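Coordinate analysis (summary)
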Amino acid sequence: KNKPRFAGLISICEQNSAEDMGFTPAAMQAAFESLGYRTVFNQKVLHVFEAGRVLQQKEQLDEAYNNGKKLLKTLEIGR
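Structural notes, computed from the coordinates. Being a predicted model, the structure only gives us computed values, none of them experimental.

What to know about the overall build of the protein
Assigned secondary structure in the protein consists of 2 helices and 2 strands. Tracing the protein from N to C terminus, the helices and strands come up as β-α-β-α. Summarising its shape, the C-alpha atoms of the protein cover approximately 45 × 25 × 20 Å along the three principal directions. In the structure as shown, the protein presents an accessible area of about 5900 Å², 54% of it carried by carbon and sulfur atoms. If you average the places of the 11 positive and of the 9 negative side-chain charges in the protein, the two averages end up 15 Å apart.

Re the pairing of strand S1 (residues 5-12)
Direction of pairing for S1 relative to strand S2 (residues 37-45): parallel, over a ladder of 8 bridges. From the neighbouring strand, Arg-5 faces S2, where its bridge partner is Tyr-37. Where the polypeptide runs from S1 across helix H1 (residues 24-34) and back to S2, its parallel neighbour, the crossover connection is right-handed.

Description of the packing of aromatic side chains
Scanning all chains against the criterion turns up 1 aromatic pair. Pairing Phe-32 with Tyr-37 gives two aromatic rings, centres 5.6 Å apart and planes at 75°, and the pair type is edge-to-face. In this arrangement the basic side chain of Arg-5 is found over the ring face of Tyr-37, its NZ or CZ atom lying 4.4 Å from the centre.

Details of the side chain of Gln-43
Tracing the sequence through the fold places Gln-43 in strand S2. Given the relative accessible area of 2%, Gln-43 is considered buried. Reaching out from Gln-43, the side chain makes a polar contact with the backbone nitrogen of Ala-64 at a distance of 3.4 Å. Setting aside its immediate chain neighbours within four residues, Gln-43 contacts Leu-9, Ile-10, Ser-11, Gln-60, Glu-63, Ala-64 and Asn-67.

Considerations on the environment of Leu-9
Looking at where Leu-9 falls in the secondary structure, it is placed in strand S1. On the basis of relative accessibility, which here comes to 3%, the residue Leu-9 falls in the buried class. With 26 residues separating them in the primary sequence, Leu-9 and Leu-35 have C-alpha atoms 14 Å apart. With residues up to four places along the chain from it excluded, the contact list for Leu-9 reads Met-28, Gln-29, Phe-32, Thr-39, Phe-41, Asn-42 and Gln-43.

Rules of the game
Residues numbered from 1 in each chain as written. Predicted model: local features only at pLDDT ≥ 70, side-chain atom pairs only at ≥ 80, totals over all residues. Heavy atoms only, no water. Helix = DSSP H or I, 4+ residues; strand = E, 2+ residues; numbered from the N terminus. Areas by Shrake-Rupley, 256 points an atom, 1.4 Å probe, with all protein chains shown as cover. Lys, Arg positive; Asp, Glu negative; His and termini not counted. Charge placed at Lys NZ, Arg CZ, Asp CG, Glu CD. Pairing = 2+ DSSP bridges. Right-handed = clockwise from strand over helix to strand, strands pointing away. Phe/Tyr/Trp six-rings, centres within 6.5 Å; stacked < 30°, edge-to-face > 60°. Lys NZ or Arg CZ within 6 Å of the ring centre and 35° of its normal. Buried < 20%, exposed > 50% of the residue type's maximum accessible area, 1.4 Å probe, protein only. Polar contact = N/O pair within 3.5 Å; in protein donor to acceptor, adjacent residues only side chain to side chain. Contact = heavy atoms within 4.5 Å.

Structural data, given as structure tokens:
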């Protein structure tokens, strides 16, 4: 029997609103789900114009950290 597989997704873009990201987050999720993954989170990080700039967005880094903890908890429960 195949064990369930889980993924967490983070989309980083220059846009100022999630609506302006278009289908990118949904397309990423669909691609992973087509490979048999269950998506635990799909975080959208907005307004990042330069490489590395996301490292200055503490709120987004905190959210990514917490999402990672949620993914780990999900994996542990799935064992």
